[in-house]
Each structure stands twice: as C-alpha cells, then as structure tokens.
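So the chains spell out like this:
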Amino acid sequence: MDDLLREFLTETGESLDTVDVELVHFEQEPNNAKILDNIFRLVHTIKGTCGFLGLPRLEALAHAAETLMGKFRDGMPVTGEAVTLVLSTIDRIKQLLDQLERAEREPAGNDADLIAPLERMVVDAPSAGAAPPPAAAPAPQGTAGTLAYQVLERPLRPGEVALDELERAFRETAGPDAEAAAQAAQAKAEKPAEAEPSADAKIANQTLRVNVETLEHLMTMVSELVLTRNQLLEIVRRHENSEFKVPLQRLSNVTAELQEGVMKTRMQPIGNAWQKLPRIVRDLSAELGKQIELDMRGADTELDRQVLELIKDPLTHMVRNSADHGLETPTERRALGKSEKGTIRLSAYHEGGHIIIEIGDDGRGLNTARIKAKAIASRLVTEAAAEKLTETQIHKFIFAPGFSTANAVTSVSGRGVGMDVVRTNIDQIGGTIEVKSTLGEGSTFIIRIPLTLAIVSALIVEAGGDRFAIPQLAVVELVRAQTNSEHKIERIKDAPVLRLRDKLLPLIRLQSLLQIENGEAVEPENGFIVVTQVGSQTFGIVVDGVFHTEEIVVKPMSTRLRHINMFSGNTILGDGSVIMIIDPNGIAKTVGTVAVQAALDEEANAERRTGTEEVTSLLIFRAGAAQPKAVPLSLVTRLEELDTKKVETSNGRPLIQYRGQLMPLIRVNDQVQLKSEGTQPLLVFSDEGRSMGLVVDQIVDIVEEHLNIEVPSETPGVLGSAVIKGHATEIIDVGHYLPQAFEDWLIRTEKKLKAKARTILFVEDSAFFRNMLTPVLRSAGYAVTTVSGAQDALDILKSGERVDMIVTDIEMPGMNGFELAEAVHSDERTARLPIIALSALTSQDAIERGRQVGFHDYIAKFDRPGLLAALKEQVATMDEAA
Amino acid sequence: MSIGNDNHSGSFIEYVTVMISGQLFGLPISQVQDVFMPERLARVPLSGPEIAGVLNLRGRIVTAFDMHCRLGLGKRATDRPAMAVGIEFRGESYGLLIDSVGEVLKLAESSREPVPVNLDPHLARVAAGVHRLDKQLLVVLDVDRVFDSGSEVAAA
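On a predicted model such as this, the values are computed, not experimentally measured, just so you know.

Caption draft 1: Representation of the overall build of chain A. Helices and strands together make up the secondary structure of chain A, namely 28 helices and 35 strands. Counting over 882 residues, chain A shows a buried share of 35%. The long-range share in chain A, meaning contacts at least 24 apart out of those at least 6 apart in sequence, stands at 66%.

Next comes the structure, spelled out in structure tokens:
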C-alpha cells in the first residue's frame, strides 16, 4: 500500500475516534465552542486530505458534515437529530475507510442518502432558529476568502453544493444574534492563533510515530537480554568472589531499567480502549429508551498495548450488557424511587502488579433466583447442590458457556454468547473476573489483569524428574506435606485432599496429570503442595520439589503443541534449559471436574473467614512446666519422635544421628530431661543445612491463633506470653537456642559481638512476620527493636534511641513503608539512615517507587538469605564510611 | 511435479541428505536452516509420540520431531547421539531428529520419479518423489507434509 495512503488511514482513523467522543460531549454541552472547534478542525482536515488524495466520495461526505458543523459554529441550535446525522456520516466515512484499506481504492457508489438530509438541515436551519435573520448580516470572515475560488473547473461531485448556493445559505442562516456570533467567531480566531499552534508544534516535536513492529522487536530483544542476564547471574552465583560480580550487578540494573523503559513504550492509557464507549452508550440509550450516564475514571491508567487490545472487546461487551440487562427503564427506575438516569461506571487503577477494571451500574442487580433456576435447567448444577450455594457462587454461573437469563434477545445482547466469551478472553491473558451484585442496587464486575504478558515471575518446580514453571500470580502459598506433620495428605475415596487451616483442599499430582510417572514408587503422603488459586477456585498441585522463583520470558509454544491446555507456553531458564510453563487455568479445569464440591465447601469457608484477623499456625508443646509453650509453626522444619537409644553423648553434649548428620540436642530449659526410654519428641529446626533438635516433653497440638504477645519476657529463650486457646502460653525464641546448637556458632557469636553496635529498627505490622524475622535477625548478630507501625518507628527515632538501620514492611495500615521512608529522609538527623524494604510487592513499579523514596534495598518478604545479605552489605558500607 | 510448477523452475535441486533408520532421505537445501547436535532435550508431557521434545538452540526454542516416529520406523535407538536438521516452518523453529547427515547432492529435477504406490503409507504421505542414485534410493521429503499431517498421526 502507498505510504501516503497508509498514513492517511491511520491518522483519519484516530481523528474519527476523537470526533465520535467529542460529538457526544458536544451534544451535552452545545455551547462549548472549544469542543466544536476541535471537531470542525478534524473534519476539515479529513476533507482536505481526501481532496488531496483524490477520494471524491469521502471528500463529499466530509464536506457535507463540515458544512453542517459550520452552521453549529455560527450559532444554529444543536439538536439530537443533527448530531445523530453527523454521527452516521462519520460511521459511513469509517466504512468507506475500511473498504479503502482492503481494496486500496475508494469503493464505487454514492452517499446521497446521507448528504441530502445533511444539506436539508443546513438549508432548513434558519427556520429552526427562533428569531428571523437580520436583513444585512455581515458575511463571516472565512466566507470572504472562499469567494476567490468561485469558478469550478469541473462538474459538481455528488453531495457538493455550488458555492453560490452555499454562500446564500450562509447568509440566510446567520444565527439569531449575528453580533454575538461574529464576536464569538472573532474570539475563536484569536484564541487558536495564540495558543493552539504553539501547543501543537510542541507535541509534534516531542512525539514520534513508531511502527508497532519495531517496538515488538525491541521488546523481544530486551526479553532475550533478560534471559542472558539471568544466565550470567546463574554462572556468577556458582563462583564466589568472581571479579564479574560488580560489573554484572551493574549490567543487571541497566537491563532492568531498559526492560522497564521498553515496557513503558508499550504502555497505553486504558482510555484508548474506552474511546468508543461514549458513542456506544449514546446509541444504546437511544435504542433502548433508557437514559444512561457513562462515568469513566482512571482513563489514564496505563497498561501493555497487547493486553489493551485483548480487553477492548470484553469491555465493550460488558458495557452493552450493563446498559441492556443491568439498567432499568426510566419508568421502572421512577417507580423504584431512583433517578431516571442510570449510571454505568467504569474505573481503572493499579494494584500490585495488576490493573483492576471495574464496570458497575446502579441498575437492578443480578437476579439470583433466576440464575439459579437457569443453572438447574441447563444442568450446570443439581437442585440439591444449588440449595447449598451462596449467592456469590450462584452469580458465578453467568460466566458459564451459553448462559443468558435475558428473556428477550435484543439486538444489543441476550444471545447467551456473552459473559463466557468475556471470561475466556480474560482468562487468556491470565486475568480474573468476579462479580459483586446487590439486588435492586446494581452489579459491579471486577476484572483483574496483569500489567504485561511478556515477562512473568514463576515458581520453578519439579515433577517426575522434569522441571516446570508455575506463574507466581496463581500461587497462594507453598505447603510441605509429610506423614508426621500436621499437613498430611488424606484421601476421600481416591481423591487426595489436604486439610489446610480447617478447609479441605483438593489435590492433584502434577506427575499423574501430565502422565509422566517415572515408575518410581511415589510416596503419596509426602511432597510439596503448591496452593494455587484460579478465579475463586483453590487447589493444591503436588510436586516433587520446589526450586526458586525466576523472572521468565513467556515464549509461545509451537503450533504443534498448542493443543495441550496444561501449558501456556515455554521458556528458557537461566541455566539455558527449556521448560514448559504450567497453565493454572488448564489445571483448574481438570480439577474442577474432580473436586467441585470440595472447592465449593472451601469457598463457603473462605467467605465466612473474610474479615477475621490474620492468624498464625502455632505449635503447642510442653517442656519443663505445666504451662504450655508455643513456637510459630513456620519456623519448625519437622516434628520427630526418635528412639531414645539413638541418643549419644559427645563432649558432654547429647547428639543424635539424624538423616546422615549429627544433630545436637538442646533442652528448652533445665527442667526438661531427656527421656531414658521409649521415644523422645523433638522439634527439628534446620538452617543452611544444619539441624538442631529441641528437646521437649510433649507435643500437644497445632492451633491457629492470632498471635499477640501481651507480656514480653526477660527470661532468655522466651519472647513473651500470649493467650492461646484460653491458656497463657510462653512463646519461645528460637533465636536463643540456635547458637547453643551449632559448633561453628561461636564464630558467628564473635561476629555478633563485633556487630553488636548495629541496631535494627524492624517495622512490621504483622505479628507473624515480626516473630518470624526477629529471631533470624537476632541470630545473625543484630540488636533488634521491633515496632508494629510506622508511627511508632518515627517515635523511636525521635526519642534518640540508637538505630543503625531500618527494615520495614511496605504495606501497613496507616502510614505505609514509602511514607515512612520519606518521613525518615526528610528529617536531617535520620536522612542518611539505610532503609531496607521488605515486601511481597516486588513489582517494577513498587521497586521504582522504593528507589525514589530512598530505600537502599528491596527484598521479598520470604527471602531470608537475601535480607541477611542486604544487611551485611549495609554494615560493610557503614564500616567503610566510619 | 510437471513443468510450470514454481518449485521446479530450476532444472537442478540441491538436497541435504540424511539417514533415518538406514534409509536415505533428501531435504531441499532451501528449506534447511542449519544442522546441529540436539542437546538437553526437554520432553513435553501430553504431546504426541513424534514430538521428541523442546530444546534451546542459541536462544530460540526449537520443537524437535522424532523422524523415526514420524515416518513409522519405530522409536529411535538411543544408544548413539542423534543429529538434527533445523527447519523454519511458518515462522516457527523445528528440528528433525535423524541418525546422521550426509553430503549435499545436486540432482536433476527431471530424474525425480513419482513415489512408488506400494510404499509404506507413513512414508508415502511425506514423500515428494524418489531419486535413483548409484547404490541406493533417495526419498525426497516434503517438509510441509511432515508438519501438516503430523497431528493426524498423533491423533490416530
């Protein structure tokens, strides 16, 4: 295709979209001269370009529309009818452009059907005006210029009007108040002259049209770069003290920034996908006889253009749905005491690495009874099962294929090919959709989609000797299942389930799902469980091993493999091997058929649970005294009961051979005695390949409790007391026992003495993380002051208490970590204090923001070695500075 | 196969010759990207038997086809390393696993003979003709058909 023509098509397409939106605005604000000017200018440009390129049909249409709009500009009253006519003209122009794009020439035919009414409206205009035209209205300035070209050297094209005639019409139709119109025209002429051209020129200089393909290619190359960087990092990780470490760190940072930069070029405001909606809603409101207001918020929220393309259609569809099914007719609304005008609200915002789009209406809401009846009729659920479902669960049926409760099939919607298609589209881009609805008050659809599709964080797991990647997005938590632990795989008939915090989780073995049983005897009761959530469905994927998380570049699978719906793509890992990426949606479908009921039960539980405070799993045991003691279960590696005969003594210390290693046994306190016969219960703690056995009298229970240490303790080894299941319980400090166990801990203790001066202020709202990380920090030799909120932290800093470093959570109620960092750095006394952020939020956005507010490092919440390394680095910097 | 077909406008075509299970095959050189030793082949669960796996070839993910399976010659003997012929087909990279690669032969288009009617159907489906060489026969592989009908075989 001719470059010129292609340019024209792109530009005109964009201009027309703008015209669409602006016209709808204009109809609502007929006196806004700025909007009209804008429309007029766009249509005028289109007309001019068409003439230049020799496209008579388009030119004629644009010309007729422009003439009518010229009338508006001159003060002709704006009627809905006229706007509709202009809109249909725009539509026709779009159709012609489409055909032009395909055939590369203008299609034959004429548009008298549109041009005639347009002209009629122009000519009839004076009669529409209230006042009779003044006899000698001065000709507008612009008209004088056109007089020079009065002689046409060709016959009139269809839709064209002879200039004489036009001139006559112009004179006759000068608005009711010619003077005002002239003034307005003058004002208009002045304003653009001074403001607009300069603004336009600026924009033209600062932006550049780039072919999408170029950007895509750039993105691919950056993705490759990320992969190569990962490979290098992997290699360097194997060589301690490599001289490449520093330059590689630099390369790594540059790569990350480059990646972010390229991502940005692909970002587009979501408003682009919304552009057509005002027009659609306007047409719908006319067609359905409803008054609809479209309220759009967050149109400048940006997301990847690939994602944008994919959600455009679902969004349009859902807005149509809201207009058709959601909103009532004005009569109904009046009867219900609502305002006649219904509202459809669209909003978009960022949350974590996601974009949330909400489409809500204030209409009638979902009719639960009807959906239930329809679901039973369509055999999606049995009548008995349906009775047990909650409202939310029933509402979910609207996403089932072929589901529609609309009584009448209208041209707008109701054909039952709606919401399931929407969901499929959203599933495809790894998003989720849910619906919240209250009868009589309206419904809101909440779509959650990832910011970008190209690079995702994934958990690398092993099953049947092969490795696979599971997108982190879907992973809720990891559970180690063992025969002796509280996390035990049980069976209901043949279906394996896991009892996890009072709910049953359906389990599926990745190995059998992928049919890669390698003949080895599998221990059905052991393994790692990746707790996965897809939409509202939660299930556990049982794998043989879990490695680490890695940023992976999703590469599409070969077409020959695309039929396997268990995989969403493949990728190259840092070590160069190719692995398949598991598609949680595909697995969910398989699990769904197996364990629907279990999932439903679980979900009902989840609903009951919402709103309760965060709870911690605690292991309750007795040691020495009758009073129970507890330790956060997450710290305990294993619970063991070992034969007392195996206990040996070396150097006066009890030891036991455990998994091929000598494990020191430490008593919780002096009252605890090693048993002389039978079995000895032990809590095994492992860290960096070493294990310690904590000798207790009896393991009592595992409970879920909101851990709140009420009475801090001075006794070494005891963090304090808390009320657990009605009993005052001592929470033990694991950090106290670890140094007693390891031989080489002495070396660490020395370090500890050296590092004694280093005090960490640890800010964390969750008691769980406070309790988990405080011992880790202490045992690494730091003095730790913990506070539960940013405000407390600031108080401590103000009090002048010694603090060398701050480790803080990001998401906290009240003041968050970003704000804390800003506050700390704005005070000159503490401006140079290193701050390490700790968060589950490790999106690029968050990291960037962290860098801006001055975090010295950014560590994922569960990355204990990472945290210690970061602290060490800060200490080293401080030592250097000292 | 007759005059006027674009593929055969030249009177000579160069073939990369490969051995699969003792039989000599020829692939038009214009369709062959490279020849490589397949390393670290990762199997793809739930895929058809002719998919040997996926591998990383200089940063590209290549889907490897087991030609033994594809041609109905049984599983490839795993005792010696395979070779692979890299082919780009509709924008995607594929590797055909074969036993060994031979020389490049320049053969006259006119000497190509139609596929014998009694050829094994697996073979016949992907063969575009036969050349008689001095000591043996060379079966010309039609690359499009190797990929196209593969799914039917997998389904069967």
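Caption draft 2: Expanded view of the overall build of chain B. Helix and strand content of chain B: 4 helices and 10 strands. Burial status across chain B gives 33% buried among its 156 residues. Restricting the contact set of chain B to residue pairs at least 6 apart, pairs at least 24 apart contribute 53%.

Caption draft 3: Geometry of the interface of chain A and chain B. Every contact between the two is made by 20 residues of chain A and, on the other side, 16 residues of chain B. For the side of chain A that touches chain B, the element with the highest residue contribution is strand β18 (residues 578-582) of chain A, accounting for 3 residues.

Caption draft 4: Highlighting the sheet that holds strand β6 (residues 432-438) of chain A. Residue and element names in this part refer to chain A. Taken in spatial order, the 5 strands of this open sheet run β2-β4-β5-β7-β6, and their pairing is mixed. Of all the strands in the sheet, just β2 (291-297) and β6 have a single pairing partner and so form its edges. Along the sheet, successive strands turn relative to each other by an average axial angle of 15°, direction set aside. When strand β4 (residues 341-351) meets strand β5 (residues 354-361), the two strands line up antiparallel, connected through 8 bridges. Considered in β5, the bridge of Ser347 is made with Glu358.

Caption draft 5: Spotlight on the pairing of strand β22 (residues 647-650) of chain A. Relative to strand β23 (residues 653-658) of chain A, β22 of chain A runs antiparallel, the two being bridged by 4 bridges. Across the sheet, residue Thr649 of chain A finds its bridge partner in β23 of chain A, namely Pro654 of chain A.

Caption draft 6: Here's a closer look at the confidence of the model for chain B. Residue and element names in this part refer to chain B. For chain B, per-residue confidence averages 82 on the pLDDT scale, and residues scoring 70 or more make up 84% of the total. Low confidence marks residues 1-8, where pLDDT is under 50. Its contacts with residues over four positions away, or in another chain, come to 1 contact. Taken together, the stretch residues 150-156 has pLDDT below 50 and engages in 7 contacts with residues farther than four places along the chain or on a different chain. Complex prediction metrics read pTM 0.44 and ipTM 0.84.

Caption draft 7: Main features of the environment of Glu801 of chain A. Within the secondary structure, Glu801 of chain A is located in the loop between α25 (790-798) and β33 (805-809). Exposure remark for Glu801 of chain A: the 11 C-beta atoms within 10 Å place this residue in the exposed category.

Caption draft 8: Structural context of the confidence of the model for chain A. Residue and element names in this part refer to chain A. Overall, the prediction assigns chain A a mean pLDDT of 75, with 78% of residues at 70 or greater. Every residue in residues 127-153 scores below 50 in pLDDT, and together they form 25 contacts with partners more than four places removed in sequence or on other chains. Taken as a whole, residues 594-613 scores under 50 in pLDDT and shows 27 contacts with residues more than four places along the chain or in a different chain.

Caption draft 9: Focus on the environment of His548 of chain A. Residue position: His548 of chain A is located in strand β16 (residues 545-553). Residues His548 of chain A and Val461 of chain A, spaced 87 residues apart in sequence, show a C-alpha to C-alpha distance of 7.8 Å.

Caption draft 10: Unusual backbone geometry, seen in detail. Residues and elements named next belong to chain B. Look at Ser21: it is not a glycine, yet its phi comes out positive at around 50°. Positive phi is not limited to glycine here, since Leu46 has a value of about 70°. Looking at the element boundaries, Leu46 is found in the loop between β3 (32-36) and β4 (51-57).

Caption draft 11: Geometry of the sheet that holds strand β10 (residues 475-481) of chain A. Residues and elements named next belong to chain A. Ordered by their spatial adjacency, 6 strands build an open sheet running β10-β14-β15-β13-β12-β11, and the pairing between neighbours is mixed. Because the sheet does not close on itself, it has two edges, and the strands there are β10 and β11 (489-492). Direction aside, neighbouring strands of the sheet carry axes that sit 40° apart on average. Examined bridge by bridge, strand β14 (residues 527-534) and strand β15 (residues 537-543) share 7 bridges and lie antiparallel to one another. Looking at β15, one finds that Val530 is bridged to Ile541.

Caption draft 12: Broad picture of the packing of helix α1 (residues 3-28) of chain A against helix α4 (residues 80-103) of chain A. Residues and elements named next belong to chain A. Interhelical geometry of α1 versus α4 gives an angle of 165° and a closest axis separation of 11 Å. One finds that α1 runs roughly antiparallel with respect to α4. Along this stretch, α1 crosses α4, giving a crossing that reads as left-handed. Across from Leu9, Thr12, Gly13, Leu16, Val19, Asp20, Leu23 and Glu27 in α1, the residues of α4 making contact are Gly80, Val83, Val86, Leu87, Ile90, Ile93, Lys94, Leu97, Leu100 and Glu101. In the contact of α1 with α4, the residues fall into 11 nonpolar, 3 polar and 4 charged.

Caption draft 13: Local environment of the pairing of strand β7 (residues 442-450) of chain A. Within β7 of chain A, 7 of the 9 residues are buried, leaving the element largely enclosed by the surrounding structure. In this antiparallel pair of consecutive strands, β6 of chain A and β7 of chain A, the connection spans 3 residues, and Gly440 of chain A shows a positive phi of 85°.

Caption draft 14: Region of the structure containing helix α19 (residues 419-428) of chain A. All names here are of chain A. Residues Met419, Val422, Arg423, Ile426 and Asp427 constitute the buried set of α19. The buried residues of α19 all sit within an arc of 135° when viewed along its axis, so they share a single face. Remark: Gly430 follows α19 within two positions and exhibits a positive phi of approximately 70°.

Caption draft 15: The arrangement of the packing of helix α3 (residues 56-73) of chain A against α4 of chain A in detail. Residue and element names in this part refer to chain A. Running from N to C, α3 and α4 point in directions that differ by 160°, and their axes come no closer than 10 Å. By the angle between their directions, the pair α3 and α4 is classed as roughly antiparallel. Here the hand of the crossing between α3 and α4 comes out left-handed. Across the interface between the two elements, Arg57, Leu58, Leu61, Ala62, Ala64, Ala65, Leu68 and Met69 of α3 pack against Ala82, Val86, Thr89, Arg92, Ile93 and Leu96 of α4. A class-by-class count of the residues in the contact of α3 with α4 yields 11 nonpolar, 1 polar and 2 charged.

The rules behind the values
Residues numbered from 1 in each chain as written. Chains lettered and ligands numbered in written order. Predicted model: local features only at pLDDT ≥ 70, side-chain atom pairs only at ≥ 80, totals over all residues. Helix = DSSP H or I, 4+ residues; strand = E, 2+ residues; numbered from the N terminus. Buried ≥ 20, exposed ≤ 12 C-beta atoms within 10 Å, placed from the backbone. Contact = placed C-beta atoms within 7 Å. Pairing = 2+ DSSP bridges. Axes fitted to C-alpha atoms, helices over the stretch in contact; angles between N-to-C directions. pLDDT = per-residue confidence, 0-100. Parallel < 35°, antiparallel > 145°, perpendicular 65-115°, else oblique. Left-handed = near helix turned anticlockwise from the far one by under 90°. Nonpolar A, V, L, I, M, F, W, Y, C, P; charged D, E, K, R; others polar. Arc of directions from axis to C-beta.

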